[in-house]
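Notes for the structure review
What follows is the residue order along each chain.
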Amino acid sequence: MSTRAATQGILSAENAEKREEIIELLTHAYWMEIESVMSYTANSINPDGVRAQEIRESLEEDIQDELGHAQQFGNRIKELYGVVPGSMDFSAEQSYLQPPEEQTDLVHVIKGVIEAETGAIEHYNRIIEATDGVDWATQDMVIEILRDEERHHRLFEGYLREFEKG
């Protein structure tokens, strides 16, 4: 029995170029999530001080969300005939999420998280636009992930307002 290739949608031969573009966007998203897992792990362990506990706990929860997002992106890359990259292809970009010099500098951590979430929101909106009308499954998945990122962003904006008040 022979197999049939998809004749419509993102898996069709006529959409090979668009599929490659989407795989590139998904691969970048995958690395953004993996890097956030690393940065959030450090920032969920390092902070000191009376007010650090809530930030640390929030980041611990976010680590699981971000790891889940990376797995979703990886699975979708595979479904689109791509290959999920290994660690040798990783290149760090999140300078703003590096641990602060003072481990009590929670505002630095909070601002770093907001920056990471802002970058994710912007990139995921690009994926949603790129998939519109051609890859509904990827678009639907990214819309769900975008909702999580917007929720994280909003939560840390609230933390920032509270911490800047003193």
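So, here is what we can say about the structure in this document. Computed from a predicted structure; not experimentally measured.

Below, the discussion takes up the overall build of the chain. Summing up its helical and strand segments, the chain has 4 helices and 0 strands in all. Along the chain direction, N to C, the helices and strands of the chain fall in the order α-α-α-α. Counting only C-alpha atoms, the chain reaches 65 × 30 × 25 Å along its principal axes. For the chain, the residues scored as buried account for 43% of the 166 residues in total. Sequence-distant contacts, at least 24 apart, represent 76% of the contacts inside the chain between residues at least 6 apart. Of the roughly 9,600 Å² that the chain leaves accessible, carbon and sulfur atoms contribute 49%. Here the chain holds 14 positive side-chain charges and 35 negative ones, and the gap between their average locations is 4 Å.

Turning next to unusual backbone geometry. Residue Tyr 81 is not a glycine yet carries a positive backbone phi of 75°. Inspection of the secondary structure assignment puts Tyr 81 in the loop between α2 (52–79) and α3 (106–131).

The next point concerns the packing of α2 against α3. Direction vectors running N to C along α2 and α3 enclose 25°, while the axes themselves pass 12 Å from each other. Considering the angle they form, α2 stands roughly parallel to α3. Once α2 is placed against α3, the crossing between them reads as left-handed. Residues Ala 52, Ile 55, Leu 59, Glu 66 and Phe 73 of α2 form the contact with α3, whose own contacting residues are Leu 106, Val 109, Ile 110, Val 113, Glu 117 and Tyr 124. Looking at the contact of α2 with α3 residue by residue, the class counts come to 9 nonpolar, no polar and 2 charged.

Criteria and cut-off values
Residues numbered from 1 in each chain as written. Predicted model: local features only at pLDDT ≥ 70, side-chain atom pairs only at ≥ 80, totals over all residues. Heavy atoms only, no water. Helix = DSSP H or I, 4+ residues; strand = E, 2+ residues; numbered from the N terminus. Buried < 20%, exposed > 50% of the residue type's maximum accessible area, 1.4 Å probe, protein only. Contact = heavy atoms within 4.5 Å. Areas by Shrake-Rupley, 256 points an atom, 1.4 Å probe, with all protein chains shown as cover. Lys, Arg positive; Asp, Glu negative; His and termini not counted. Charge placed at Lys NZ, Arg CZ, Asp CG, Glu CD. Axes fitted to C-alpha atoms, helices over the stretch in contact; angles between N-to-C directions. Parallel < 35°, antiparallel > 145°, perpendicular 65-115°, else oblique. Left-handed = near helix turned anticlockwise from the far one by under 90°. Nonpolar A, V, L, I, M, F, W, Y, C, P; charged D, E, K, R; others polar.

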